[in-house]
Each structure stands twice: as structure tokens, then as C-alpha cells.
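# Summary of the model geometry
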Amino acid sequence: MQPGWPIRRCYRHEQWNPGRGPLWEWGTRTFVMGIINATDDSFSGDGVADRLDEALALTHELVEGAVDIIDIGGASSRPGAEPTPLEVEQHRAVRVIGAVRAELDRIGAELPISVDTTWAAVAAPALDAGATVVNDITGFRLDPEMAPLVAERSAAAVLMHNQRGRPHTDLVADVTAGLEASLQICAEAGVNTDRIVVDPGFGFGFGVSQNLEMMRRLPELWSLELPLLIGTSRKSTIGAVTNAEIDDRLFGTAATITAAIYAGIDIVRVHDAAEMTQAIQMTDAIVRPTL
């Protein structure tokens, strides 16, 4: 990490428009993405499938936990998960997004929603249902229709690097090359970089030691000059280090979030919003003393 506080990063664009609510001013604080898994087989054990009462209860928890965006996906991305049929993913994601959007509007919570999917056939109706951001764990490298859809809809995007099935050489080189390939796809489709956030893909094709290395080397990704998101919440690397079960990884998750903020991260994706927001607020107060 570069010496000296507060962290001073260079961004291609100083703001992000997530499509709902205020513009996000990069560098002013760490933003929080809260998770609703509209699945039956989430690795974290909190899948609500399309049970709307559970989804709406979780929505209220996330709002009370002061998240800045809610991420909703209808397919599990855990290692070894059976592929979710496209029609099932679409049904779950669209139904839950529509219900959450309506509830947020009802209670006056001006929060954006992102749809966590790799398929344009899911993203399109999800955008119709109230999502304004597409969060793709393949960085638009799986479905050739995804980038053109995002460009056509003027949606915002989170592009993740996914190392699964790819040979590993050097971690930062792998991540940078993967994200640059995604950015090239976006450029060719007409997706502007001011709509893009990038994610190095913690836990997606990397082992424990490599995930820990990723945390140490996050500042090397500043060279992309784009806002960075990371999702470490409850993941197996935390369990491997702490020997804690999935539902007992609060402190381990908080430690990774604190380390990521020190390394200049912009957004953290979390399950336990209230607890993680406290850790984020405290770390921001130290790392960004102008707050």
C-alpha cells in the first residue's frame, strides 16, 4: 500500500451513477453492497429462493444495516453447485427483485438494486423489474449478449474476474488480464467506463494462500484507475484460517473488510450488514480522517 493517509487513489471517473439514489463519490467512504440470495443452495446458508416474506424481511435488515445497494441473484455460484436452469434463475431473481423494489419504494428507501447473473436473459427482465446494475461474476466473458444489453439499457455494471478453469501464473497479472479482457468487451459494446466497477474475484478459482495474497496485493490493482469491489463475506478462506463454521465468521469477515479498506477498496459485498457497517465506519474514520 502507498504510505500515508488518507488513501489517495486515482480514478478515471470521480463518480458512479448506480441508477437510483445519489451519485457515489469515490474516495469519500467505503460503500456497502448487501446480499439477498434468491437461491435454495447458497454457500452461506441464507438462500430465500422466491419466498417473498423472507426476502422482504432480509430487505428490512439490510436497510436498517445502512447498505448502499442490494445485490440479488437467483443462481448459486458456490464451487460444485449444480447449474441452475435458466428459467428457474430468471423466475427467482425477477420475482424477488420486483418485490424488493416495491418494498423499498413503499418505505421510501432510495436504494439501487443489482442483479447477480451471468446471463442477459436474466438481466433483461431483472432490469425491467427494478434493477439498475448488473453484477456478472464472469465479467461479461460468458454471455456475448450481456455487454450489448448493459450498453443498450445504460445500466451500471460490476465486472468480476473469475479464475475458475484458467491456468494460474501470477495473481495480480491474472486478475489484471481478466479484467482488461472484460473492459475490452465493454468498450466494443459501448459500455462507458464511468458505469463500471471491477472485482478481483476473491474465492473464484483461487486457493486460500492466493486469496490471502490477493488481500495483500489489492493496491496493485489501483493501476486500473477504476473503483474496486471485493466480496469476502463468510467465505471458505476465512473458515480455513479461523476454523469457524459459515455462520460464525463475523469477526473473520470484519478483519478482511478492514484490511481491504486499508488497501483502498471502494465497495464491500456483505451478508451481515449491521455488524459489518460498524467495522466499515470505524475503519473509514481512521483511514479517511477527513470524514
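Just above sits the structure.
Notes on the structure in this doc start here. (Residues numbered from 1 in each chain as written. Predicted model: local features only at pLDDT ≥ 70, side-chain atom pairs only at ≥ 80, totals over all residues. Heavy atoms only, no water.)

### Regarding a nonpolar patch on the surface
Together, Leu86, Trp119 and Leu142 line one region of the surface with nonpolar side chains, adding up to about 250 Å² of accessible area. Here Leu86 is to be found in helix 2 (residues 86-107). Overall, the relative accessible area of 35% leaves Leu86 in the partly exposed class. (Patch = residues over 30% accessible without salt bridge, like charges linked within 9 Å, V, L, I, M, F, W, Y side chains within 5 Å. Areas by Shrake-Rupley, 256 points an atom, 1.4 Å probe, with all protein chains shown as cover. Salt bridge = Lys/Arg side-chain N within 4 Å of Asp/Glu carboxyl O. Helix = DSSP H or I, 4+ residues; strand = E, 2+ residues; numbered from the N terminus. Buried < 20%, exposed > 50% of the residue type's maximum accessible area, 1.4 Å probe, protein only.)

### Quick look at unusual backbone geometry
It is generally the case that most residues other than glycine have a negative phi and that most peptide bonds are trans. Its identity is not glycine, yet Ser154 carries a phi of approximately 55°, on the positive side. Tracing the sequence through the fold places Ser154 in the loop between helix 4 (146-153) and strand 7 (156-160). With phi around 65°, Arg234 is a residue other than glycine that occupies positive phi space. Tracing the backbone shows Arg234 in the loop between strand 9 (229-230) and helix 7 (236-242).

### Let's talk about the pattern of salt bridges
If you walk through the whole model with that rule in mind, you get 15 salt bridges. Arg153 is paired through a salt bridge with Asp128; the nearest N and O atoms lie 3.0 Å apart. Highlighted residues: Arg153 in helix 4 and Asp128 in helix 3 (residues 120-129), separated in sequence by 25 residues. Owing to a relative accessible area of 35%, Arg153 belongs among the partly exposed residues under this scheme.

### Here's the deal with the environment of Gly130
Within the fold, Gly130 resides in the loop between helix 3 and strand 6 (133-136). The spacing of Gly130 and Ala99 is 31 residues in sequence and 9.2 Å in space, taken between C-alpha atoms. The residues touching Gly130, leaving out its near neighbours within four places in the chain, are Ile97, Arg101 and Ile113. (Contact = heavy atoms within 4.5 Å.)

### Some remarks on the sheet that holds strand 9
In a beta sheet, neighbouring strands pair by backbone hydrogen bonds and run either parallel or antiparallel. As summarised here, the arrangement of the eight strands in space is 8-7-6-5-4-3-10-9, forming an open sheet in which the pairing is parallel. In this open sheet, the two edge strands, each paired with only one partner strand, are strand 8 (196-199) and strand 9. Across five bridges, strand 3 (residues 31-37) lies against strand 4 (residues 69-73) in parallel orientation. By the bridge assignment for strand 4, Ile36 is matched with Ile72. (Pairing = 2+ DSSP bridges.)

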